[in-house]
Amino acid sequence: MADDSEMESSLKPILDQKSLKWVFVGGKGGVGKTTTSCSLAVQMAKVRKSVLLISTDPAHNLSDAFGMKFGKDARPVTGVPGLSAMEIDPNGTITDLISAGGDDAQEAMQGLGGVGNMFQDMAFSIPGVDEAMSFAEVLKQVKGMEYELIIFDTAPTGHTLRFLQFPTVMEKALEKLSALSQQFGGMVSNLVNARGGLPNGQTFEDVLAKMEDLRNTIGDVNKQFKNPDLTTFIPVMIPEFLSLYETERMIQELGGYEIDTHAIVVNQLLFPKKDNPCEQCNSRRKMQKKYLEQIDDLYGEDFHVVKMPLLVEEVRGVEKISSFSEMLVKPYEAPE
């Protein structure tokens, strides 16, 4: 258990953790994940040479948040030196997975015809593969990119948890394919040769080597995700029952995946003045205080709990995001 004095109400310890390579930001829909991930990315860009912010959420809100268009290729965020962003399609196919190993591997798999289909069927026999293809796209996109830190603005909770299962799931799938190739490799190789070989003069062994290389890559990523020096997950929530319940469930599951989480962002807090005549504001603040007490009881000793105010205007555009981001590292002080 961490010492109480270390658990400040700030994400500054995250910024100070220079070894971090991967940061995931996630939570229930509508709690401010994208605003938080964009704000964290802005702060991280101040202390790192290069930061990449990736949206794996089908809603793709990065473009709206920063007020500029992002797509499947990384693009610099205007006005934030050192920060780039991209939005990738979370819906993929097994072919996307193969292409993560290179275009030649994709062509080779297609060239296998019915045998290639058997390999695809084998991969799809692993539960969760069809829902986890987005990570293959991530690997393909970030391969060769030199970024000190990669931040993920993730989809709502259930999709995020499946996303984080991906490396383990794919390791199992590729292990099955490897076992299959060892069992039937000679027969398949003879069949391929009888058909005149594969595209670009490849052999069946070349295909297997590329898939083994992909398995090693995924295995390395899996190890990195389970290393708290390299990876952390930041849940974002609001002080309401369903959000608190889902956050607790997610933290428990993250523990099961051996993924570190030691900071939480609580958004949309009301701080009405004592003489505020707004009955709804005061009533809602009273409800929020009840859940904040529960949050402090659950996480106060082991987590950096960052409390962010509900502002009177939307946090959109680089200037407003940059201003909002300051409160992630310097705790907000409510006016008297």
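Residues numbered from 1 in each chain as written. Predicted model: local features only at pLDDT ≥ 70, side-chain atom pairs only at ≥ 80, totals over all residues. Heavy atoms only, no water.

In the annotation of an unreviewed UniProt entry, the protein chain is listed under the name Golgi to ER traffic-related protein and assigned to Extremus antarcticus. The UniProt entry for the protein chain carries the following text under Sequence similarities (unreviewed entry): "Belongs to the arsA ATPase family." Quoted verbatim from the Subunit (unreviewed entry) field of the UniProt record, the comment on the protein chain reads "Homodimer." (UniProt positions renumbered as here; feature names shortened; annotations may be inferred.)

Got a minute to help me understand helix H10 (residues 241-256) in this structure?
Structurally, the α-helix is built with 3.6 residues per turn, so residues lying three or four positions apart point the same way. Along its 16 residues, H10 runs 23 Å from first to last C-alpha, staying within 8% of the 22 Å computed at 1.5 Å per residue. Along H10, the residues that are buried comprise Ser243, Leu244, Glu246, Thr247, Met250, Ile251 and Leu254. All buried residues of H10 project into a common sector of 165° when viewed along the axis, lining one side. Of the residues in H10, the exposed ones pointing more than 90 degrees away from the buried face are Leu242, Tyr245, Gln252 and Gly256. (Helix = DSSP H or I, 4+ residues; strand = E, 2+ residues; numbered from the N terminus. Expected span 1.5 Å × (residues − 1). Buried < 20%, exposed > 50% of the residue type's maximum accessible area, 1.4 Å probe, protein only. Arc of directions from axis to C-beta.)

Where do I start with the nonpolar core in this structure?
Ranked by size, the top nonpolar core spans 40 residues in total, and within it Leu11, Leu40, Leu53, Phe66, Val77, Leu83 and Ile151 carry the most contacts. Once you skip the residues sitting within four places of it in the chain, Ile151 turns out to touch Val23, Val25, Ser37, Leu40, Ala41, Met44, Val51, Leu52, Leu53 and Ile54. Ranked by size, the runner-up nonpolar core spans 16 residues in total, among them Ile150, Phe152, Phe225 and Ile259. (Core = buried A, V, L, I, M, F, W, Y, C linked by side-chain atoms within 4.5 Å. Contact = heavy atoms within 4.5 Å.)

Whenever I open this one, the UniProt feature "binding site: ATP" (unreviewed entry) in the protein chain confuses me. Can you help?
In the numbering adopted here, UniProt assigns the feature "binding site: ATP" (unreviewed entry) to Lys28, Gly29, Gly30, Val31, Gly32, Lys33, Thr34, Thr35, Glu240 and Asn267. Tracing the chain through its elements places Lys33 in helix H2 (residues 33-47). With respect to the element layout, Asn267 can be found in strand E7 (residues 263-269). Discounting chain neighbours no more than four positions away, the residues touching Asn267 are Val31, Gly32, Thr36, Val236, Met237, Ile238, Pro239, Met308 and Phe324.

Looking at this model, I keep getting lost on the sheet that holds strand E8 (residues 304-309). Mind explaining?
Strand-to-strand pairing in sheets goes through backbone hydrogen bonds, with the strands running parallel or antiparallel. The eight strands lie next to each other as E3-E4-E2-E5-E1-E6-E7-E8, forming an open sheet whose pairing is mixed. Single-partner strands in this sheet number two, and they are strand E3 (75-76) and E8. As defined by bridge partners, strand E2 (residues 51-55) adjoins strand E4 (residues 83-87) across five bridges and the pair is classed as parallel. Note that in E4 the partner of Leu52 across the bridge is Ser84. Lying on the sheet, helix H11 (residues 279-299) is in contact with strand E6 (231-237), E7 and E8; it crosses E7 at an angle near 175°. Along the sheet, helix H12 (residues 318-329) contacts E7 and E8; its crossing angle with E8, the most-contacted strand, is approximately 145°. (Pairing = 2+ DSSP bridges. Axes fitted to C-alpha atoms, helices over the stretch in contact; angles between N-to-C directions.)

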